[in-house]
Amino acid sequence: MKNLKIAIQKSGRLNEKSVQLLKNCGLDFENYKSSLITSASNFNLEILFLRDDDIPGYVEQGIADLGIVGENVIDETQAKVNYLQRLGFGKCTLKLAIAKDSTIQDLQDLNGKSIATSYPVILKSFLDEYKINADIQTISGSVEIAPGLGLSDAICDIVSTGGTLKSNGLKPFADVRKSEAILIGREGLEENEILAELLQRIQSVLRAKETKYVVLNVEKANLPIITEILHGVKSPTVVPLAEEGWVAVHTVISEDDFWGKINVLKSAGAQGIVVMPIEKIIL
Ligand code: ATP
Ligand code: MG
């Protein structure tokens, strides 16, 4: 079968997690050193290491079959590609920000103002939506320093924690778009066996990441209330303990749920609660 090619970021914020995801799917390959292309030794996949801006175009043209890239980059390049799977990492928000002491108060105040950004396409469509006429200054990096230098009245840039904005005397003003890393595919790839296998593996890894394997001990009399609190993949496994009248309960639960439930479990008589990571969940 012909190998598929997947394009991932060569270095930067998405590189490590993209590589880790593919490795967690059981793929064995050399990470980027000097070669821009490498093959998985145990899967029909070649990995191309590229600048993230180039990934949507490579996939649109079919030079790569698949890609892992931020939604922000797909929108900005307007490449025609299929969205195959949200990946849950690389989460960030494209925001408008202004100087801390700016007189701008609402979106309409941006009329006639200038906004520096590396995302002119996304910004333009946002401004059009709100019927705002502003001057877009496209710059390729270090956007945060533009207002301080007098280049613009506002900026539109990616923010995750807001630390960079703050240290440049800026404050967030409005959200333009949220983004996360996404698996994209070229058009016409829908019926591909290698893709189907890869997607199944990716989904089982993503599912496992959100869930934990939980083992706890409880007196038999308290079992009904414990099983009520825990809704696992199916009903929990109950194993008798050597001590008469006690059982161990094994189950899989969502991590978000778990922290909400832990005190309820304790007061329902659960003891020795052990929480373990899960590698994969195949449904
Ligand atoms: P390249 O050299 O590949 O062009 P880059 O400098 O354009 O890299 P990075 O800063 O590595 O890009 O970010 C890659 C992607 O990671 C962004 O497009 C965005 O989707 C996502 N991302 C997540 N959090 C952040 C953040 N705090 N700042 C910037 N990008 C982030
Ligand atoms: Mg880039």
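Residues numbered from 1 in each chain as written. Chains lettered and ligands numbered in written order. Predicted model: local features only at pLDDT ≥ 70, side-chain atom pairs only at ≥ 80, totals over all residues. Heavy atoms only, no water.

Filter applied, for reference: UniProt positions are given in the numbering used here, feature names are shortened, and annotations may be inferred rather than shown by experiment.
In the nomenclature of an unreviewed UniProt entry, the protein chain is known as ATP phosphoribosyltransferase of Sphingobacterium litopenaei. The record held by UniProt for the protein chain lists under Sequence similarities (unreviewed entry) the comment "Belongs to the ATP phosphoribosyltransferase family. Long subfamily." In its Pathway (unreviewed entry) section, UniProt records this for the protein chain: "Amino-acid biosynthesis; L-histidine biosynthesis; L-histidine from 5-phospho-alpha-D-ribose 1-diphosphate: step 1/9."

1. Quick word on the pattern of salt bridges
Note the following rule: Salt bridges, as used here, are contacts in which a Lys or Arg side-chain nitrogen is within 4 Å of a carboxyl oxygen on Asp or Glu. Secondary structure elements are taken from DSSP: a helix is a run of H or I of four residues or more, a strand is a run of E of two residues or more, and numbering for both begins at the N terminus.
For the coordinates displayed, the defined rule picks out 10 salt bridges. Across the salt bridge formed by Arg186 and Asp65, the nearest N and O atoms sit 2.8 Å from each other. Placement of the pair is Arg186 in the loop between strand S11 (181–185) and helix H7 (193–209) and Asp65 in the loop between helix H2 (55–60) and strand S4 (66–70), with a sequence separation of 121 residues. Between Arg177 and Asp75 there is a salt bridge; the shortest N-O distance is 2.7 Å. Linking Arg177 in strand S10 (residues 170–179) with Asp75 in helix H3 (residues 71–77), this pair joins segments that are 102 residues apart in sequence.

2. Overview of helix H9 (residues 255–267)
For clarity, the cut-off: One fewer than the residue count of a helix, multiplied by 1.5 Å, yields its expected span. The bend reported for a residue corresponds to the angle between axes fitted to the seven residues ending at that residue and the seven starting there. The buried label applies to any residue whose accessible area, calculated with a 1.4 Å probe on protein chains only, is under 20% of its type's maximum; exposed applies above 50%, and partly exposed to all values in between. Contact between two residues is taken to exist if any of their heavy atoms lie within 4.5 Å; hydrogens are not considered.
With 13 residues, H9 extends 19 Å between its outermost C-alpha atoms, agreeing within 8% with the 18 Å of an ideal straight helix rising 1.5 Å per residue. The largest bend in H9 comes to about 50°, at Lys261. Looking only at H9, the buried set comprises Phe258, Lys261, Ile262 and Leu265. Buried residues belonging to H9 abut strand S12 (211–219), helix H8 (223–229), strand S14 (246–254) and strand S15 (271–277).

3. Brief notes about the domain arrangement of the protein chain
We count it as follows: Domain boundaries shown here were taken from an automatic or database domain assignment. The buried area of a pairing is the accessible area, by a 1.4 Å probe, that goes missing from both parts when the two are put together, added over both.
Domains assigned within the protein chain are domain 1 (4–89 + 181–208), domain 2 (92–179) and domain 3 (211–277). Opposite the 6 residues of domain 1 that make contact, domain 2 presents 9 residues. Contact between domain 1 and domain 2 buries roughly 720 Å² in total, counting both sides, with carbon and sulfur atoms accounting for 45%. Remark: the boundary between domain 1 and domain 2 carries 1 salt bridge.

4. Focus on the packing of aromatic side chains
The condition that has to hold: Between 30 and 60 degrees the pair is tilted, below 30 it is stacked and above 60 it is edge-to-face, where a pair is any two Phe, Tyr or Trp rings, Trp via its six-membered ring, whose centres lie within 6.5 Å. We call a charge positioned above a ring when the Lys NZ or Arg CZ atom is no farther than 6 Å from the ring centre and deviates by at most 35 degrees from the ring normal.
Using the criterion set out here, one finds 1 aromatic pair in the structure. Relative to Tyr130, the ring of Phe126 has its centre 5.0 Å away and its plane inclined at 50°; by these criteria the two rings are tilted. Phe126 sits in the buried class, given a relative accessible area of 8%. Using a relative accessible area of 36% as the deciding quantity, one classes Tyr130 as partly exposed. Between Lys23 and the ring centre of Phe29, over which it is positioned, the NZ or CZ distance is 4.8 Å.

5. Structural notes on the side chain of Asp65
Threshold: Polar contacts here mean pairs of N or O atoms no more than 3.5 Å apart (in protein, one a potential hydrogen donor and the other a potential acceptor; neighbouring residues in sequence count only if both atoms are side-chain atoms).
Its relative accessible area of 6% is what places Asp65 among the buried residues. Side-chain polar atoms of Asp65 contact the backbone nitrogen of Lys5, separated by 2.7 Å. A polar contact of 2.8 Å, which involves the side chain of Asp65, links it to the side chain of Arg186. Each residue touching Asp65, except ones within four places of it in the same chain, is listed here: Asn3, Leu4, Lys5, Val59, Ile184, Gly185, Arg186 and Leu189.

6. Some words on the packing of helix H1 (residues 15–24) against H7
Inclusion rule: A fitted line through C-alpha atoms serves as each axis, taken over the contacting stretch for helices, and the angle formed by two N-to-C directions is quoted from 0 to 180°. Between 65 and 115 degrees an angle is taken as roughly perpendicular, under 35 as roughly parallel, over 145 as roughly antiparallel, and anywhere else as oblique. Each residue is assigned to one of three groups, with Ala, Val, Leu, Ile, Met, Phe, Trp, Tyr, Cys and Pro labelled nonpolar, Asp, Glu, Lys and Arg labelled charged, and all others, Gly among them, labelled polar.
One way to put it is that H1 packs onto H7 with a least axis distance of 9 Å and a crossing angle of 105°. As summarised for this structure, H1 and H7 are arranged roughly perpendicular, according to the angle between their axes. Taking contact as the criterion, the partners of Leu21, Leu22 and Asn24 in H1 are, on H7, Leu198, Ile202, Val205 and Leu206. Its residues assigned to classes, the contact of H1 with H7 comprises 6 nonpolar, 1 polar and no charged.

7. Concerning H7
Taking 1.5 Å per residue, 17 residues should reach 24 Å; H7 reaches 25 Å between its end C-alpha atoms and fits that length. The N-cap of H7, judged by a side-chain oxygen 2.9 Å from the amide nitrogen of Ile194 a few residues on, is Asn192.

8. Points about the pairing of strand S1 (residues 4–9)
Where a strand is regular, its side chains alternate between the two sheet faces. For clarity, the threshold we go by: At least two bridges found by DSSP between two strands are what make those strands a pair.
The buried count for S1 comes to 5 of 6 residues, which makes it a mostly enclosed element. Relative to strand S3 (residues 45–50), S1 is paired through 6 bridges, and the arrangement is parallel. Looking at S3, one finds that Gln9 is bridged to Leu50. Sheet analysis places S1 next to S4, joined by 2 bridges and oriented parallel. Within S4, the position partnered with Ile6 by the bridge is Leu66.

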